[in-house]
Amino acid sequence: MTQSANQMWGGRFAAGPDAIMEAINASIGFDKRLARQDIDGSRAHAAMLAATGIITDSDAEAIREGLLTVLSEIEGGTFAFSTALEDIHMNVESRLKEVIGEPAGRLHTARSRNDQVAVDFRLWVRDQCDAAIAGIDALMRAFLDQAEAGAEWVMPGFTHLQTAQPVTWGHHMMAYVEMLARDAGRFRDARARMNECPLGAAALAGTSFPIDRHMTAAALGFDRPTANSLDSVSDRDFALEFLAASSICAMHLSRFAEELVIWSSAQFRFVRLSDRWSTGSSIMPQKRNPDAAELIRAKVARIMGANVALMMVMKGLALTYSKDMQEDKEQVFDAADSLMLALAAMTGMVGDMTANRDALARAAGAGFSTATDLADWLVRTLGLPFREAHHVTGSLVAAAEAKGCDLPDLTLADMQGVHAGITGDVFGVLGVENSVRSRLSYGGTAPERVREQVAAWRARLG
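Residues numbered from 1 in each chain as written. Predicted model: local features only at pLDDT ≥ 70, side-chain atom pairs only at ≥ 80, totals over all residues. Heavy atoms only, no water.

**Let's talk about the overall build of the protein chain**
When you go through the protein chain residue by residue, the secondary structure sums to 19 helices and six strands. Whereas a compact globule of 462 residues would reach a radius of gyration of roughly 23 Å, the protein chain reaches 31 Å, over 25% beyond that. C-alpha extents for the protein chain along the principal axes are approximately 100 × 55 × 40 Å. Per-residue burial over the protein chain gives 47% buried out of 462 residues. Long-range pairs, those at least 24 residues apart, make up 73% of the contacts in the protein chain with a sequence separation of at least 6. (Helix = DSSP H or I, 4+ residues; strand = E, 2+ residues; numbered from the N terminus. Rg over C-alpha atoms; globule rule 2.2 N^0.38 Å. Buried < 20%, exposed > 50% of the residue type's maximum accessible area, 1.4 Å probe, protein only. Contact = heavy atoms within 4.5 Å.)

See the structure below:
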């Protein structure tokens, strides 16, 4: 090869096309994370091969012990991974042959790397569903603690980031408990749907060996074997469902992260984040930056990006397996890592944050937040149609704005100047404390409703 041709490949690929092919073809740099799952699947496969008489018991025992040795080397950090061997499957099998010799060659009987990677990846994603559910559970408990502590604290509820109606701090925290519960439900649903074992589908058509797929499925904790060998080796729906559930969960985390960024600002001062979750400025000594919240807010981009990327990988693939599918794992690994980090950081922030009750109360009473309570009073007490009550209330808001005061600060004469039927009883509904206590409908913001929901969720979570 000429010097100019070498320059075409550049840098690390100066050796030419062979080096590039090895680099693009190898997956060991990332799929080594599947080592435990790969060895678990191989041990189950070897036990089944022995039980069905396809290999001898002595070979199966040698394989079993050898695989445990390989696993201990990997977990102990002494295993030498080889890019030349392409993937985790061939790295394990090659080392197994060095450890036990000839019996290692019988392990791959009635199996292909196509169904092998399908079961490894499914086992890994199943484990990540369990991890995500546990992480969500911990975050829900942190929100429950905040909700219980602040069941009576009033704060503004917002629409369009404009003050709408008073709510309680506890009620706001419980909104995220509900979101997270749905997230956990999505992971549980995805886990249940993916809990079928593709091992035994072989390359794509099944095998002529008398294997027992129900045995391997049970040994690996699956509910049943997959029913179609073509689908078994080409399916990545389980990974897409995991990414979809992760994306929605990350979006929920991002929404609260955005609120924390706003609430911890000097303009709001609704919350104070602990020093563990804040950073200073290199030039402005007064700053306490909510960096952890901002980084969580950004993680959703990586997770949603992984979801879209894998969807694009899969969308054009005819049945069954294509090498394109090697691009599935890095996306899922990165999304899983990002989600678990975001869940852990958010759990820490929610557990440590301190609400500024006085600032919340001041903000709750500003911006004519009890206008809806006034309109409701006009309907209940004076029998006005709601549309007329809405108009009267709007006129009273305009009168308060003209006087530079809030609705409770208007005099009775001011109010009767807008509608003669208004009585002094109206002042009983205008305070924010009265407002939140009156919202007793199921799912409402009243403190007693909040406490009921906290108790119900504590009972469900155990």
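So that's the structure; there's more coming.
**Let's talk about the pairing of strand β2 (residues 162-168)**
Examined bridge by bridge, strand β1 (residues 154-159) and β2 share six bridges and lie antiparallel to one another. Across the sheet, residue V154 finds its bridge partner in β2, namely T168. Here β1 folds back onto β2 in antiparallel fashion, the turn holding two residues, of which H160 has a positive phi close to 55 degrees. (Pairing = 2+ DSSP bridges.)

**Overview of unusual backbone geometry**
Backbone torsion omega between L319 and T320 reads 10 degrees, so that peptide bond is classified as cis. Structurally, T320 is set in the loop between α12 (291-314) and α13 (328-352). Backbone geometry at L161 places phi at a positive 60 degrees, although glycine is not the residue there. You can see L161 is positioned in the loop between β1 and β2.

**A word on the packing of helix α7 (residues 113-149) against helix α11 (residues 237-263)**
In the contact formed by α7 and α11, the axes pass within 10 Å of each other and the chain directions differ by 20 degrees. Classified by the interaxial angle, the pair formed by α7 and α11 is roughly parallel. Seen along the crossing, α7 lies across α11 with a hand that is left-handed. The residues of α11 that touch α7, namely those facing A118, F121, R122, V125, Q128, C129, I136, L139 and F143, are F238, A239, F242, C249, L253 and F256. Class assignment of the residues belonging to the contact of α7 with α11 gives a composition of 13 nonpolar, one polar and one charged. (Axes fitted to C-alpha atoms, helices over the stretch in contact; angles between N-to-C directions. Parallel < 35°, antiparallel > 145°, perpendicular 65-115°, else oblique. Left-handed = near helix turned anticlockwise from the far one by under 90°. Nonpolar A, V, L, I, M, F, W, Y, C, P; charged D, E, K, R; others polar.)

**Comments concerning the nonpolar core**
Core analysis: the largest hydrophobic core is formed by 99 residues, its most contacted members being W169, F187, F256, L260, W263 and M346. The biggest single contributor to this core is α11, with 15 residues. Setting aside its immediate chain neighbours within four residues, F187 contacts C129, A132, I133, I136, F242, A245, S246, C249 and L339. (Core = buried A, V, L, I, M, F, W, Y, C linked by side-chain atoms within 4.5 Å.)

**Some details on the packing of aromatic side chains**
All chains considered together, the criterion is met by 13 aromatic pairs. Ring geometry for W169 and W263: centres 5.6 Å apart, planes at 45 degrees, overall tilted. Pair noted here: W169 is in helix α8 (residues 169-194) and W263 is in helix α11, with a separation of 94 residues, a long-range link. Here W169 matches W263 in class, with each residue buried. Geometrically, the ring pair formed by Y176 and F256 is edge-to-face, given 4.8 Å between the ring centres and 65 degrees between the ring planes. Taken together, the residues Y176 in helix α8 and F256 in helix α11 connect sequence positions 80 residues apart. (Phe/Tyr/Trp six-rings, centres within 6.5 Å; stacked < 30°, edge-to-face > 60°.)

**A look at helix α15 (residues 371-382)**
For α15, with twelve residues, the first-to-last C-alpha span of 16 Å sits near the 16 Å given by 1.5 Å per residue. Buried within α15 are the following residues: A371, D373, L374, A375, W377 and L378. Check the buried side of α15 and you find it contacts β2, α16 (386-403) and α18 (432-438). Positive backbone phi, at 75 degrees, marks G383, one or two positions downstream of α15. (Expected span 1.5 Å × (residues − 1).)

**A word on the pattern of salt bridges**
For the structure on display, the rule yields 30 salt bridges. Between D130 and R191 there is a salt bridge, and its shortest N-O distance comes to 2.7 Å. Here the residue D130 occupies a position in helix α7, and R191 occupies one in helix α8, the gap between them amounting to 61 residues. The salt bridge partner of R236 is D328, with a shortest N-O separation of 2.7 Å. (Salt bridge = Lys/Arg side-chain N within 4 Å of Asp/Glu carboxyl O.)

**Focus on the environment of L378**
Position of L378 among the secondary structure elements: in helix α15. A relative accessible area of 0% places L378 in the buried class. Each C-alpha atom of the pair L378 and M346 lies 43 Å from the other, and the pair is 32 residues apart in sequence. Not counting the four nearest positions on each side in its chain, L378 is found in contact with G383, L384, A389, V392, T393 and I422.

**Comments concerning the packing of α8 against helix α19 (residues 447-461)**
Taken N-terminus to C-terminus, the directions of α8 and α19 make an angle of 35 degrees; their axes are 10 Å apart at the nearest point. As α8 runs across α19, the sense of the crossing is left-handed. Facing α8, whose interface residues are G170, H171, M174, V177, E178 and A181, α19 presents V450, Q453, V454 and W457.

**Some details on α16**
Relative to the 26 Å expected for 18 residues at 1.5 Å per residue, α16 spans 25 Å between its end C-alpha atoms, a close match to the ideal helical length. Among the residues making up α16, those that are buried are A389, V392, T393, L396, V397 and A400. Projected down its long axis, α16 carries its buried residues within an arc of 145 degrees, all on one side. Seen from the open side of α16, the exposed residues pointing more than 90 degrees away from its buried face are R387, H391, E401 and A402. Where the residues of α16 are buried, they touch α15 and α17 (412-416). Taken from the residues just after α16, G404 is the one with a positive phi, measuring 70 degrees. (Arc of directions from axis to C-beta.)

**Brief notes about the side chain of Q128**
Among the secondary structure elements, Q128 is positioned in helix α7. When its relative accessible area of 16% is taken as the criterion, Q128 is described as buried. Dropping the residues within four chain positions of it, Q128 is found in contact with F242, A336 and M340.

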